[in-house]
Amino acid sequence: MSGLRIRGLSAGYRGREVVRSLDLEGIAPGTVTALVGPNAAGKSTLLRAMAGLIPASGSVVLDGEDLLALDLDARSARIGFMPQSLPHRVSLSVFESVLVALKASGGAGRMDPRARVMAALDRVDLGDLANEPLDRLSGGQRQLASLAQAIVREPRLLLLDEPTSALDLGHQFAVMSMARSLAEAGGIVIVVLHDLVLAARWADRVAVLRRGALRAFGPADDVLTPEVFADTWAVRGRLMRSPLGVPYLDVDAIGRDTPPE
């Protein structure tokens, strides 16, 4: 069966459970799913568990195959993961960092590896900086280099952890357009976003996490309701659409005294 299904997933750090028995089903090929929620809701933990970077229990079934049962090499051949930030003091050029990501899972295939790397860098508008040391890039450029590392293997499942956080408006649009195009090519994209307008604009479905559990899942207009805003972000708000269908938020007051963890 094609698509992605998560059942009973639990994961955390140093004995502290962050994601608790989470179920998320019906994620079809060709779609973008946005993970949203307050800080410490478990969004990044969920992505890292799916990518095999932290221990997890339950199941993450991709096209009928449980990713949690695979070793890291087999899983990385199916998944592209973009972390929130790249490590500093890495003595590699931009080109070398993407080449390492390509070869890490034997993902070069028949195409010349160098050609694949340059194709990925050109897609994120970093081709002119291929030979630049990674540590000399700006924060936004490092984000784009990280994205190139994630997409160079053309993975079946692409996991993006706050890919737009350090980017200007133009590059935010470019990154989300790329996520959409990768999905339309048959992949599955799951992206952590704090910007709910971006989520409503680009995602087919939005998954709202709160305190390690799934609060709501579905199309943005069905999920981002006043009730969800109140008990998830502690504000009075709602998702609105302009006459042209462009989403925007109407947030006018604090909904309760203590925001969720």
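Keep in mind the model is a prediction, meaning the values are calculated, not measured.

Section: the nonpolar core
Then comes step 1: Ranked by internal contacts, the top residues of the largest apolar core, which has 54 residues, are Leu121 and Val206.
Then comes step 2: Ignoring any residue separated from it by four or fewer positions in sequence, one finds Leu121 in contact with Val94, Phe95, Val98, Leu126, Gly127, Ala130 and Ala148.

Some remarks on the layout of surface pockets
Then comes step 1: Reported here for the largest pocket is a volume of approximately 600 Å³.
Then comes step 2: If you trace the largest pocket, you find 24 residues lining it, with Phe81, Ala101, Ala104, Gln149 and Arg153 closest to the centre.
Then comes step 3: Among the elements of the structure, helix 2 (72–76), strand 6 (79–82), helix 3 (94–103) and helix 5 (139–151) are those that each provide at least two residues to the lining of the largest pocket.
Then comes step 4: In terms of residues, the lining of the largest pocket owes the most to one element, helix 2, which gives four residues.
Then comes step 5: Considered class by class, the residues forming the lining of the largest pocket number 15 nonpolar, six polar and three charged.
Then comes step 6: Quantified by volume, the second largest pocket comes out at close to 310 Å³.
Then comes step 7: In terms of lining, the second largest pocket is formed by 18 residues, of which the most central are Val18, Asn39, Ala40, Ala41 and Gly42.
Then comes step 8: Take the lining of the second largest pocket: its biggest share by element is four residues, from strand 2 (residues 16–27).
Then comes step 9: Of the residues in the lining of the second largest pocket, the class split is four nonpolar, seven polar and seven charged.

Points about the sheet that holds strand 10 (residues 213–218)
Then comes step 1: Ordered in space as 6-7-8-3-9-10, the six strands form an open sheet in which the pairing is mixed. One side of each edge strand has no neighbouring strand; the edge strands of this open sheet are strand 6 and strand 10. With strand direction ignored, the average angle separating the axes of adjacent strands in the sheet is 15 degrees.
Then comes step 2: The pairing of strand 3 (residues 31–36) with strand 8 (residues 188–192) spans five bridges and is parallel. Note on strand 8: the bridge partner recorded for Ala34 is Val191.
Then comes step 3: Each of strand 3, strand 6, strand 7 (157–161), strand 8 and strand 9 (205–210) touches helix 1 (residues 43–50); the most contacted strand, strand 7, lies at about 145 degrees to it.

Considerations on the pattern of salt bridges
Then comes step 1: Under the defined criterion, the tally for this structure stands at eight salt bridges.
Then comes step 2: Between Arg7 and Glu25 there is a salt bridge, with its nearest N and O atoms 2.9 Å apart. Pair noted here: Arg7 is in strand 1 (residues 4–13) and Glu25 is in strand 2, with a separation of 18 residues, a long-range link.
Then comes step 3: Judged by relative accessible area, which is 42%, Arg7 ranks as partly exposed.

Quick notes on the rules
- Along each chain, numbering runs from 1 in the same order as the chain's sequence is written.
- For this predicted model, a pLDDT threshold of at least 70 governs which residues receive local features, and a threshold of 80 or more governs which side-chain atom pairs are given and counted, while totals over whole chains, interfaces and linings are taken from all residues.
- No hydrogens and no water enter the side-chain calculation; it runs on all heavy atoms of the structure.
- For the purposes of this section, nonpolar cores are sets of buried Ala, Val, Leu, Ile, Met, Phe, Trp, Tyr and Cys residues that join through side-chain atoms within 4.5 Å.
- Throughout, exposure labels follow a simple rule: accessible area from a 1.4 Å probe, protein chains only, divided by the maximum for the residue type, with under 20% read as buried, over 50% as exposed, and the rest as partly exposed.
- We call two residues contacting when some pair of their heavy atoms lies within 4.5 Å.
- Cavity and pocket criteria rest on a 1 Å grid covering protein atoms alone: a 1.4 Å probe that fits but cannot get out defines a cavity, protein on both sides within 12 Å along at least 5 of 7 lines defines an open pocket, and an atom within 4 Å of a point defines a lining residue.
- Grid points are joined across faces, edges and corners, and a volume is the space filled by probe spheres set on the points.
- Elements are defined by DSSP. Helices are runs of H or I of four residues or more, strands are runs of E of two residues or more, and each kind is numbered from the N terminus.
- Residues were grouped as follows: Ala, Val, Leu, Ile, Met, Phe, Trp, Tyr, Cys and Pro as nonpolar; Asp, Glu, Lys and Arg as charged; and all remaining residues, including Gly, as polar.
- Here, a strand pair is defined by DSSP locating no fewer than two bridges between the strands.
- Interaxial angle, 0 to 180 degrees, is taken between N-to-C directions of lines fitted to C-alpha atoms, where a helix line uses only the stretch in contact.
- By definition, a salt bridge exists where a carboxyl oxygen of Asp or Glu is found within 4 Å of a side-chain nitrogen of Lys or Arg.

Nothing here speaks to function; it is geometry throughout.
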